[in-house]
Each structure stands twice: as C-alpha cells, then as structure tokens.
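Listed below, chain by chain, are the residues.
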Amino acid sequence: DVLLKVLAAGVNNTEINTRLGWYSKTVKAATNEQSDNTQEVETGGWSGATPFPLIQGTDCCGEVVAASPGLSGLVGKRVLVRCTMRGPKGFASYENKWMASDFDGAFAQFVRVPGGEVFPVRCSWSDAELASIPCAYGTAENMVERARVGPESRVVVPGASGGVGSAVVQLCKRRGAHVTAICGPGKEAAIKELGADQVLVGRHGSPAWSGIVEKLRGGADVVIDNVGGPAFPDMLDMLMQGGRYATSGAISGPVVDLDLRTLYLKDLTLIGTTAWEECVMPNLVSYIEKGEIKPLVSGTFPLSEIVLAQQTLLKREHVGKLVLIPPPTGQ
C-alpha cells in the first residue's frame, strides 16, 4: 500500500448517489429527485450495503508520502488513483470495488490505497486539474474503448456538459470520431471549444427535443449516454443498424422504456460499463503527458464546503468538473 497526501479531490455524481442509496433497485428516481428524499436505503452502495462510517471522494490527485517495502520509489511523486479496482482475479474478471464506496476515499487530508493503483503523472497541470480526471475521464475512456470508437465513428453524446459527457467529447475527438454533442442552453460554446463537430441545444421535454431526435434519427454508430431517463428510447432511435449504445450512469432516471423490437430489429448492442479495462488509466496518463486532452474545471471549493460543492453539482448549471481542496496538513 501507499499513503497519499491528498492535494485535490474531484466531486462526482457517484458520491451523491452512494450517500443517497441511489444504487439500490428500490430507488426509481433521478439523482436530483432522490436528493430530496430523507428515507434511508440500506442496500444502496455499489456492492450492496455501504460500509458506514465512510469517507467519500472518488477522485484523487495526491503525493505519495509513505509506502510499503518495495514501493519506496513512489515516495514524493504526484499521482492519480485508479478509483475502480479489480478483485482478486484481476482483469480476468469484472469483479471490482470502488474507492469511496467500498472503502474510504479522498475527501480527507490523507488516503491509503494499494500501490498498484497509483499512476505518477509528469505535467504542468494544477492539482485541481489533475483531480478532475480519474472518475469522469476514466469512466468516459472505458465507454469509448468498449464501444470501439474509431476514426470512422459517428458518436452522439447527450449530457455533454457534465464531467463524463465533456470527457467523452474530447476522448472521441482524440480518436478521430465525428461527435454530435447535446447540452443545455448557455453551454454550447464551451462544448464546441472541446472539439464537438455539432452541438445541439435541448433536453427531453423541451420544445427543441423532437427536432433533435428527427435530425439524428438513424445516423449514429455509437451513443454514449449517462443521462438515461425518459430520453432512452430516443437514444436508441438515433442509432443506425448495428449501432452500439454504452452507458455507465443514469442521472435522469435508472428505469427506462425498452421496446425489444428496436433492439433486435436494428441489431443493436447495449454496453454497460463499471469495471475499467486495464488500458484506461495508462491511456489517460499518456494523453495528459502528450497534451492530447485538456482539463475542464468549472470551480474549486475548500474541503470544508463540500455541502455547497454538492449542491452546486446538483444544479447542473456548470460545465465540466468541480474540485475540493483539502486544508494543509496540520490544520
């Protein structure tokens, strides 16, 4: 194991979902709706019951300050932590555990993690910028990898202004894909700057939505969707024959309508992703060090203002990631 001094920790939907027990199948509501529910859910963690008391914090940029024998070469290095870790069978099995859901995370001044799960990074990025990467970009790169996005792919990305969505836009463009991003009003310029070929403004239920669906119907090889909810059938309609739909979340609701005829008559593939492929973190470190992706930090908060940071996240008015900064050690 290694002991990290936490330099910065990103804020994610998964921390709110875990705190609310949203991962329990007894919960049907979107994250925003569930946040108003004070009922306790005992089986709402990633792997059943959440092990309370629990320190959350899935994203970590830290400095190694102590290490087990054989890992002393990591001491003093600035690192990122792979927050989804495979089980005892390694990458031969999809069994996994998540930092800050299955064991203590980075919303603290120090965190202990397995030495094989830290990745030194050499770059000029700030601590906050690096802390915006692991969960959002790792989740995004995993979906992009599993959906086999390549230079000829035409990809639709709903929820493109969020942490994962904005990462998907960049990572698909890095692979040479044509990207159509969907976002809320006032966010289109920021998403266009990330490289999206086309940015459409609207969401399910808005006056513009039916026009967006018609414009994109049957034209996408891949949809990468962490929104879910009532727009799910429209996402499948946007796919061409043999298209691929990848997801790792459902901020607008986990329970969706699926017409099986759409699935089998169009030869679609549905891809659920939680456990990351082995290449994901090495890929991201390489992209950072080569300058092939850029961070998108919307704001930072002192760790003591975690409540305000999560409230800000739930408003969905920002683009990119929010990051917490712990106090200096000794305070």
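Since the model is a prediction, treat every value here as computed from it, not as a measurement.

## Notes on the packing of aromatic side chains
For the structure shown, the criterion picks out 3 aromatic pairs. Ring centres of Trp-22 and Tyr-23 lie 5.4 Å apart, and the angle between their planes is 80°; on these two criteria the pair is classed as edge-to-face. Aromatic side chains Trp-98 and Trp-276 sit 5.9 Å apart centroid to centroid with 85° between the ring planes, which places their arrangement in the edge-to-face category. Taken together, the residues span a long stretch of sequence, with Trp-98 in strand β5 (residues 96–98) and Trp-276 in the loop between β13 (269–272) and α10 (280–290) at a distance of 178 residues. A relative accessible area of 3% means that Trp-98 is categorised as buried.

## Points about the nonpolar core
By size, the foremost hydrophobic cluster in this structure holds 79 residues, and its most contacted members are Leu-4, Val-149, Val-168, Val-169, Cys-172, Ile-191 and Ile-224. Per element, the largest residue contribution to this core is 7 residues, and it comes from strand β1 (residues 2–11). What Val-169 contacts, discounting residues up to four positions off in sequence, is Val-157, Ala-160, Val-179, Ala-181, Ile-191, Leu-194 and Ala-196.

## As for the pattern of salt bridges
Opposite charge on two side chains lets them pair, provided their charged atoms get close. For the structure on display, the rule yields 15 salt bridges. In this structure, Arg-112 engages Asp-1 in a salt bridge whose closest nitrogen and oxygen atoms are separated by 2.8 Å. Residue Arg-112 is found in strand β6 (residues 110–113), and its partner Asp-1 is found in the segment before β1; the two are separated by 111 residues along the sequence. A residue is classified by how much of its surface remains accessible, and Arg-112, at 59% relative accessible area, is exposed. If you follow the salt bridges from partner to partner, you end up with Glu-141, Glu-145 and Arg-175 in one network.

## Side note on the pairing of strand β11 (residues 220–224)
Of all the 5 residues making up β11, 5 are buried; the element is thus mostly covered by neighbouring parts of the structure. As paired strands, strand β8 (residues 154–157) and β11 are joined by 2 bridges and run parallel to one another. Looking across to β11, one finds that Val-156 is bridged to Val-223. Remark: the β11/helix α8 (residues 232–237)/strand β12 (residues 239–247) crossover connection has right-handed handedness.

## Things to note about the packing of helix α4 (residues 134–146) against helix α5 (residues 163–174)
Relative to each other, α4 and α5 sit at 50°, their axes nearing to 8 Å. Taken as axis vectors, α4 and α5 run oblique relative to one another. Of the two elements, α4 crosses α5, and the hand of that crossing is right-handed. Counting all contacts with α4, which are made through Ala-136, Tyr-137, Thr-139, Ala-140, Glu-141, Met-143 and Val-144, the residues of α5 involved are Gly-163, Val-164, Ala-167, Val-168, Gln-170, Leu-171 and Cys-172. When grouped by side-chain class, the residues that make up the contact of α4 with α5 number 10 nonpolar, 3 polar and 1 charged.

The rules we used
Residues numbered from 1 in each chain as written. Predicted model: local features only at pLDDT ≥ 70, side-chain atom pairs only at ≥ 80, totals over all residues. Heavy atoms only, no water. Phe/Tyr/Trp six-rings, centres within 6.5 Å; stacked < 30°, edge-to-face > 60°. Helix = DSSP H or I, 4+ residues; strand = E, 2+ residues; numbered from the N terminus. Buried < 20%, exposed > 50% of the residue type's maximum accessible area, 1.4 Å probe, protein only. Core = buried A, V, L, I, M, F, W, Y, C linked by side-chain atoms within 4.5 Å. Contact = heavy atoms within 4.5 Å. Salt bridge = Lys/Arg side-chain N within 4 Å of Asp/Glu carboxyl O. Pairing = 2+ DSSP bridges. Right-handed = clockwise from strand over helix to strand, strands pointing away. Axes fitted to C-alpha atoms, helices over the stretch in contact; angles between N-to-C directions. Parallel < 35°, antiparallel > 145°, perpendicular 65-115°, else oblique. Left-handed = near helix turned anticlockwise from the far one by under 90°. Nonpolar A, V, L, I, M, F, W, Y, C, P; charged D, E, K, R; others polar.

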